[in-house]
Amino acid sequence: MQLRDSPEEAAFRDEVRAWLADNLPDDLRGRRGGAARFEAWGREWSRKLGEAGYAALTWPKEYGGGGAPYSHQAILLEELAKAQAPGHIGVIGLGMAGPTIIVHGTDEQKSRYLPKILSAEEIWCQGFSEPGAGSDLASVRTRAELRDGRYVVNGQKVWSSYAHLADWCILVTLSDPDAPRYKGLTYLLVDMHAPGVEVRPLTQITGEAEFNEIFFADVEVPVGNVIGEPGQGWQVAMTTLMHERAALGFALSGAFEVAVRKLLELAGGRELDDRLRDRIAETWIELQALKWTNYRALTRLMETGAPGPEASVPKLHWSEANQRLGKLALELLGPEAQVTDGDGYWQWLQLRSRGNTIEAGTSEILRNIVAERVLGLPKGR
Ligand SMILES: Cc1cc2nc3c(=O)[nH]c(=O)nc-3n(C[C@H](O)[C@H](O)[C@H](O)COP(=O)(O)OP(=O)(O)OC[C@H]3O[C@@H](n4cnc5c(N)ncnc54)[C@H](O)[C@@H]3O)c2cc1C
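For the structure given in this document, a descriptive report is provided here. (Residues numbered from 1 in each chain as written. Predicted model: local features only at pLDDT ≥ 70, side-chain atom pairs only at ≥ 80, totals over all residues. Heavy atoms only, no water.)

Now for the pattern of salt bridges. Following the criterion strictly, the structure yields 26 salt bridges and no others. When the shortest N-O distance is used, the salt bridge between E79 and R17 registers 2.9 Å. With E79 in helix α3 (residues 70-82) and R17 in helix α1 (residues 7-23), this pair connects stretches of sequence that are 62 residues apart. As a salt-bridge pair, E331 and K327 come within 3.3 Å of each other at their nearest N and O atoms. Highlighted residues: E331 and K327, both in helix α8 (residues 312-333), separated by four residues, approximately one helical turn. For E331, a relative accessible area of 33% puts it in the partly exposed group. Several salt bridges converge on common partners, so that one network encompasses D5, R13, R17, E78, E79 and K82. (Salt bridge = Lys/Arg side-chain N within 4 Å of Asp/Glu carboxyl O. Helix = DSSP H or I, 4+ residues; strand = E, 2+ residues; numbered from the N terminus. Buried < 20%, exposed > 50% of the residue type's maximum accessible area, 1.4 Å probe, protein only.)

Below you can see the structure in the form of structure tokens.
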């Protein structure tokens, strides 16, 4: 593992910094980029990222990507986070749907869907979780029945981020209830504007509605929208989930670094007892550990070319560290925490971070993955 930028990586880092200095409007710096707030300026910012070639840096050139090594993607995410630039509105298309279509899609599907993901013209959401199936994705009950040469979808998904903005959904369905577990699922691309699709936003503890319920009532989906083969939905969904966690790593450590620096500013000039000083130091150490763990996952990704279970380690580490960070900041603020300062950064972080240990795999599930698939320990069950 090389811990310093090579000359070529350093040049790329300089290029990104210069581009951000020229193109990131001041009023977008530090704007929180959750799905709820995004719509108008998020599309415009995302289009700019796409035009600069930064939307899908590591996608193969033949699909409109930059064909760059994963180390460049890591540098880009670090620099975007340091500049406090908002994320790309098409995070699910770029990080999950697109890579899955590249691996399992037909040529026709690639040429239909990938260009509009890159240009941010079409927004995607992920319809995996259901009221009775979250961690246990194989238990999904949303039915896809093959009738007269097309699938008819009925059921409900939940916690679907961006669904209220989305044009397309990557949907895991039960197509064969009689098949053995893991063998009766089919992965579909569903048009969110099709008759029978209803989206109901869910308000989170932050007061924002970033995710949604999606109801499907006799929604017709052409057979050409199956990704992989019918019945292979489990394998295709695993590709999506591995990319989801791999895409997160450096964006998370970059955002965490920004938050840790804000914490240091907050602590400066305050009376601190030894216990608080220790906790601030621990937060700094957690940041360093997170960075090095990311580099380890990156090294593996560059060796194998496909994201593996190692990406679960930084996600697990970050989500728990981020919750501790928010709690510590509010303790430092003391009674001041009751009133929001400016944009209420710390209050928002404290509330939003509750979901960090649930989204993209709960901590319990990630610990199982790390134990079994990274450390090679015996299976829990
Ligand atoms: C902010 C946010 C955004 C999200 N966005 C999306 C999205 O866009 N699309 C989407 O499909 N989903 C999304 N989700 C849903 C998320 O993927 C699920 O909430 C998550 O997978 C957990 O599923 P569940 O809520 O059904 O909990 P459950 O699976 O019912 O788990 C309940 C508890 O049991 C524990 N548990 C379950 N199984 C085991 C086990 N085998 N061993 C040990 N403990 C276990 C869990 O860790 C958890 O503590 C989002 C969630 C959040 C919070």
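Read on, since the account is not over.
Lining the immediate environment of the ligand, one finds 18 residues, of which S129, S135, W159, T362 and E364 sit closest. Between the ligand and F128 there is a distance of 3.0 Å, counted from an oxygen atom to a backbone nitrogen or oxygen. Contact between the ligand and T362: an oxygen atom at 2.6 Å from a side-chain N or O atom of the residue. About the coverage of the ligand: the protein hides 68% of its 970 Å² of free accessible area. By residue class, the composition of the shell around the ligand is five nonpolar, nine polar and four charged. (Near = heavy atom within 4 Å. Polar contact = N/O pair within 3.5 Å; in protein donor to acceptor, adjacent residues only side chain to side chain. Areas by Shrake-Rupley, 256 points an atom, 1.4 Å probe, with all protein chains shown as cover. Nonpolar A, V, L, I, M, F, W, Y, C, P; charged D, E, K, R; others polar.)

Right, let's get into the pairing of strand β1 (residues 124-127). Side chains W124 and Q126 of β1 all project onto a buried face; the interleaved residues C125 and G127 project onto the opposite face, where all are buried too. Two strands pair when backbone bridges link them, and β1 and strand β4 (residues 168-174) are joined in this way by four bridges, in the parallel orientation. Looking across to β4, one finds that Q126 is bridged to I170. (Pairing = 2+ DSSP bridges.)

Here the focus is the pairing of strand β3 (residues 150-161). In regular strands, side chains alternate between the two faces of the sheet. Of the strand pairs in this sheet, strand β2 (residues 143-147) and β3 are connected by five bridges, and their pairing is antiparallel. Within β3, the residue paired with R147 across the bridge is R150.

In this section: the environment of V91. Mapped onto the fold, V91 is located in helix α4 (residues 91-104). With relative accessibility at 40%, the residue V91 sits in the partly exposed group. Taking C-alpha positions, V91 is 9.0 Å from C125, a pair spaced 34 residues apart along the chain. Here V91 is in contact with M96 and Y162, once residues within four sequence places are set aside. (Contact = heavy atoms within 4.5 Å.)

Honestly, that's just the spatial picture; any functional story needs more than this.
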